Amino acid sequence: KKSDRVTERARVQWVDRLRVDEMRAWMSIGEEEQIKPLNGLATMLTIAGLVMARVHGQIEHPGVRVVRSALNVVRECADRRATIDEVRIVTIQVACREATAAIKAAPKEAIHYAAIKMHEIAREL
């Protein structure tokens, strides 16, 4: 089914993107004006949060809370001259790993749901 292929392709791309964004964040520690890695992290963590919330049926699930905490850290970094520091990178790393595991294990329906929601969010911007 075409929809299943597209969904699985999105899953693979999202996992890859999370790994790349996590690596870029580590490589950017202490450097100012790192808005691209922060934007990438914010996008991918939002996607993962949507997947997790759909799977668990709530936004108060521990995994979703980890992702939400990391999104707050990303916002803090953006507010601090778009600089990622040694303390905040740990929260980002934990969230990226939780997000990656969640996306890998999620049913196709949750991946599809997150893709639709992100498309809706992008259209509103």
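So, a few notes on the structure that sits alongside this text. (Residues numbered from 1 in each chain as written. Predicted model: local features only at pLDDT ≥ 70, side-chain atom pairs only at ≥ 80, totals over all residues. Heavy atoms only, no water.)

Quick look at the packing of helix H2 (residues 35-56) against helix H5 (residues 108-124)
- Closest axis-to-axis distance for the H2/H5 pair is 8 Å, and the angle between their directions is 130°. Considered as vectors, H2 and H5 are oriented oblique to each other. Every pair of crossing elements has a handedness; the one defined by H2 and H5 is right-handed. On H5, the residues touching Thr43, Thr46, Ile47, Leu50, Val51, Arg54 and Val55 of H2 are Glu109, Ala110, Ile111, Tyr113, Ala114, Lys117 and Met118.
- Residue classes in the contact of H2 with H5 are distributed as nine nonpolar, two polar and three charged. (Axes fitted to C-alpha atoms, helices over the stretch in contact; angles between N-to-C directions. Helix = DSSP H or I, 4+ residues; strand = E, 2+ residues; numbered from the N terminus. Parallel < 35°, antiparallel > 145°, perpendicular 65-115°, else oblique. Left-handed = near helix turned anticlockwise from the far one by under 90°. Contact = heavy atoms within 4.5 Å. Nonpolar A, V, L, I, M, F, W, Y, C, P; charged D, E, K, R; others polar.)

Re the packing of aromatic side chains
- Summed over all chains, the structure comprises zero aromatic pairs.
- A cation sits over an aromatic face here: Arg54 above Tyr113, 4.2 Å from the ring centre. (Phe/Tyr/Trp six-rings, centres within 6.5 Å; stacked < 30°, edge-to-face > 60°. Lys NZ or Arg CZ within 6 Å of the ring centre and 35° of its normal.)

Description of the side chain of Thr83
- Inspection of the secondary structure assignment puts Thr83 in the loop between helix H3 (62-79) and helix H4 (86-105).
- Reaching out from Thr83, the side chain makes a polar contact with the backbone oxygen of Arg80 at a distance of 3.2 Å.
- Discounting residues that sit within four places of it in the chain, Thr83 has contacts with Gly30, Glu31, Glu32, Glu33 and Cys77. (Polar contact = N/O pair within 3.5 Å; in protein donor to acceptor, adjacent residues only side chain to side chain.)

Side note on the layout of surface pockets
- The calculated volume of the largest pocket comes to roughly 170 Å³.
- Breaking the lining of the largest pocket down by element, the ones donating at least two residues are helix H1 (2-27) and H5.
- Among the elements that take part in the lining of the largest pocket, H1 stands out by supplying five residues, more than any other.
- Considered class by class, the residues forming the lining of the largest pocket number seven nonpolar, three polar and no charged. (1 Å grid on protein atoms, 1.4 Å probe; cavity = no way out; pocket = protein on both sides within 12 Å on 5 of 7 lines; lining within 4 Å. Points joined across faces, edges and corners; volume = space filled by probe spheres on them.)

Some remarks on the state of the cysteines
- Summed over the entire model, instances satisfying the criterion amount to zero disulfides.
- This cysteine, Cys77, is not joined by any disulfide, and Cys96 carries the nearest cysteine sulfur, 12 Å off.
- Given the relative accessible area of 0%, Cys77 is considered buried. (Disulfide = S-S within 2.5 Å. Buried < 20%, exposed > 50% of the residue type's maximum accessible area, 1.4 Å probe, protein only.)

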